[in-house]
Amino acid sequence: MQDHRKLGRELELFHSDPIIGAGLPLWLPKGAAARRAVEDYLLGLERRHGYQHVYSPPLAKEEMYRRSGHLPHYADDMFPPMALSESDRFVLRPSLCPHHAAVFAARGRSYRELPLRIGEIGGQYRAERSGVLGGLSRVRAISLNDGHVFCAEDQVEAEVVAALEVMREAHAALGFEPSAWRLSLRGDGPKYVDDPGLWERGTAVLRRALEAVGLKRDVDYVDGPGEAAFYGPKIDIQLLDSAGRESTLATVQVDYYMPARFDLSYVDADGVRKRPVMVHRSAAGSMERLFAHLIEVHDGAFPAWYAPVQLEVLPIGDADVRDFVQRARALDLRVEEAHAGSLSARIRGASARRVPFVAVIGASEAAAGTVSLRSRGGAVDVLPVADALARLESQCAVPKRITCATPSITM
Ligand SMILES: [Zn+2]
């Protein structure tokens, strides 16, 4: 695997500028196009699995993070508070969880609404030291594919299983496999919430969920003491980068702690007020770490559905390609034209840019109403324009699998 920083520069996907600061990369148009396609896919996938999406601001009053437990347990990783006045102190959020807890608490909730699945691709911040930052794999401004399921105790296991299934579907569509699965458990020290019963319950439910999706202890997953979140155990999906370093991409966590901290409740069928459980999950991790991995694992040649440019059109001589380009764009394909240089140099350029499809149109193709369509593998077909467009549309289609695994939400 090639280092994603080198490929990211060559393919003009992202850029770091010292005037902005380390760990704060810019997504250039090509990287942004690929990311937008992936984000749209992830949001659609979650909608099909019963998620409702929200927007929430990337900062909040300091008090919110005292309540959530982040300030007592996680302050070392947070940026210092910003004070507008003595009483008005704000924090760049270290996680989206408290905001989503506030979405749940926005009005009274009934057991009929559970499980309530809330999703967002939102910003969070981590005060990393300069020395550990690099490219997209470790950043200070993180765009997280996040989600929180608020459910009853007897729904937790099924929701963890459903989250693992969403995750597997996403990873297959994006074209990679995790290097390892880990059950991350509490370690010693003040970092972890001190409530042994809570840790036991959470760990047991995660073990049962791993078993339910066919993963066996010490065979398919390993225990990771000291790797849990401060509020509960989690299942972590690990990746290896081009240097062989391991990092966590996706995660599912069971949390009995934060619902109590925010005094969340719903009215059960018997009219009694009960505490929901929070399942935190990220199917694809942060957009930054995800793309660091996708760039490396695909050597920059992304699957066509999220390639920044899906089709390059190369006219020979003064062949008129405007109509073809317009029809391709009307199908929502990302299209560029290349006019300068010899045909062979332009084909080499498209290949170096990992463009999945190249259409060559010369005088003979124009007269016959055809295009010469070349795919990334090297195969060339001369096709009528309509057939070429139909093939491009189907081969660049966003993966869509309708599953019935997750019961639809009831309102
Ligand atoms: Zn969370």
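It should be noted that the structure appears before, not after, this text.
Here's what I pulled together on the structure shown here. (Residues numbered from 1 in each chain as written. Predicted model: local features only at pLDDT ≥ 70, side-chain atom pairs only at ≥ 80, totals over all residues. Heavy atoms only, no water.)

1. Let's talk about the overall build of the chain
Thinking step 1. If you tally the helices and strands in the chain, you get 13 helices and 20 strands.
Thinking step 2. Evaluated residue by residue, the chain yields a buried proportion of 51% over its 411 residues.
Thinking step 3. A fraction of 71% describes how many contacts in the chain between residues 6 or more apart in sequence connect residues 24 or more apart.
Thinking step 4. Taken as a whole, the chain presents about 18,900 Å² of accessible surface, with 52% of it coming from carbon and sulfur.
Thinking step 5. Across the chain, 51 positive and 54 negative side-chain charges occur, with their mean positions spaced 1 Å apart. (Helix = DSSP H or I, 4+ residues; strand = E, 2+ residues; numbered from the N terminus. Buried < 20%, exposed > 50% of the residue type's maximum accessible area, 1.4 Å probe, protein only. Contact = heavy atoms within 4.5 Å. Areas by Shrake-Rupley, 256 points an atom, 1.4 Å probe, with all protein chains shown as cover. Lys, Arg positive; Asp, Glu negative; His and termini not counted. Charge placed at Lys NZ, Arg CZ, Asp CG, Glu CD.)

2. Brief notes about the packing of aromatic side chains
Each aromatic ring pair is characterised by the separation of its centres together with the angle its planes make.
Thinking step 1. Per the counting criterion, the structure on display carries ten aromatic pairs.
Thinking step 2. Between tyrosine 192 and tryptophan 199 the ring centres are 5.7 Å apart and the planes differ by 80°, which places this aromatic pair in the edge-to-face class.
Thinking step 3. Each residue in the set Trp27, Tyr41, Phe291, Phe302, Trp305 and Tyr306 is aromatic and connected to the rest through ring pairs, giving one cluster.
Thinking step 4. Of note, arginine 109 hangs over the ring of phenylalanine 104, and the distance from its end group to the ring centre comes to 5.5 Å. (Phe/Tyr/Trp six-rings, centres within 6.5 Å; stacked < 30°, edge-to-face > 60°. Lys NZ or Arg CZ within 6 Å of the ring centre and 35° of its normal.)

3. Concerning the coordination of the zinc ion
Thinking step 1. Those protein atoms acting as donors to the zinc ion are Cys97 (SG), His148 (NE2) and His280 (ND1), and they sit at 2.0 to 2.2 Å.
Thinking step 2. Mapped onto the sequence, the donors of the zinc ion take the spacing C-x50-H-x131-H. Of this pair, cysteine 97 sits in helix H5 (residues 97-104) while histidine 148 sits in strand S8 (residues 141-151); the two residues are 51 residues apart in sequence, bridging distant segments of the chain.
Thinking step 3. A relative accessible area of 5% means that cysteine 97 is categorised as buried.
Thinking step 4. Owing to a relative accessible area of 0%, histidine 148 belongs among the buried residues under this scheme. (Donors = N, O, S within 2.8 Å, 3.2 Å for Na, K, Ca; no water.)

4. So, the packing of helix H10 (residues 322-330) against helix H13 (residues 385-395)
Thinking step 1. H13 packs onto H10 with a crossing angle of 35° between their chain directions and a minimal axis gap of 10 Å. Classified by chirality, the crossing of H13 by H10 is right-handed. Contacts between H10 and H13 involve Phe324, Arg327 and Ala328 from the first element and Val385, Ala386, Leu389 and Leu392 from the second.
Thinking step 2. Grouping the constituent residues of the contact of H10 with H13 by class yields six nonpolar, no polar and one charged. (Axes fitted to C-alpha atoms, helices over the stretch in contact; angles between N-to-C directions. Left-handed = near helix turned anticlockwise from the far one by under 90°. Nonpolar A, V, L, I, M, F, W, Y, C, P; charged D, E, K, R; others polar.)

5. Focus on the layout of surface pockets
Thinking step 1. Reported here for the second largest pocket is a volume of approximately 360 Å³.
Thinking step 2. Lining the second largest pocket we find 18 residues, and of these Trp305, Asp332, Cys396, Ala397 and Val398 sit closest to its centre.
Thinking step 3. For the lining of the second largest pocket, the element with the highest residue contribution is helix H2 (residues 29-48), accounting for six residues.
Thinking step 4. Its residues assigned to classes, the lining of the second largest pocket comprises nine nonpolar, two polar and seven charged. (1 Å grid on protein atoms, 1.4 Å probe; cavity = no way out; pocket = protein on both sides within 12 Å on 5 of 7 lines; lining within 4 Å. Points joined across faces, edges and corners; volume = space filled by probe spheres on them.)

6. Brief notes about the nonpolar core
Thinking step 1. Grouped together as the largest cluster of nonpolar side chains are 57 residues, with contacts concentrated most on Val156, Val160, Leu164, Trp181, Ile235 and Val254.
Thinking step 2. If we ignore the near neighbours within four places in the chain, the residues touching tryptophan 181 are Leu164, Arg168, Leu210, Leu215, Asp220, Tyr221, Val222, Ile235, Asp236 and Ile237. (Core = buried A, V, L, I, M, F, W, Y, C linked by side-chain atoms within 4.5 Å.)

7. Some thoughts on the sheet that holds strand S18 (residues 357-361)
Strand pairing in a sheet is mediated by backbone hydrogen bonds. Such pairs are either parallel or antiparallel.
Thinking step 1. Strand order in the open sheet formed by five strands is S17-S16-S18-S19-S20, with mixed pairing between adjacent strands. Of all the strands in the sheet, the pair left with one neighbour each is strand S17 (335-337) and strand S20 (380-384). Strand after strand, the sheet turns through a mean of 25° between neighbouring axes, direction not considered.
Thinking step 2. Sheet topology note: the strand S16 (residues 311-315)/S18 ladder contains five bridges and is parallel. Bridge assignment links valine 313 to a residue of S18, and that residue is alanine 359.
Thinking step 3. Running at roughly 160° to S17, H10 makes contact with S16, S17, S18 and strand S19 (370-375) of the sheet. (Pairing = 2+ DSSP bridges.)

8. Structural notes on the packing of H2 against helix H9 (residues 287-297)
Thinking step 1. Contact geometry for H2 and H9: axes closest at 12 Å, N-to-C directions at 115°. The angle between H2 and H9 falls in the class roughly perpendicular. When the axes of H2 and H9 are compared, the crossing they make is right-handed. Across from Ala34, Arg35, Val38, Glu39 and Leu42 in H2, the residues of H9 making contact are Met287, Glu288, Leu290 and Phe291.
Thinking step 2. Partitioning the contact of H2 with H9 into residue classes produces six nonpolar, no polar and three charged. (Parallel < 35°, antiparallel > 145°, perpendicular 65-115°, else oblique.)

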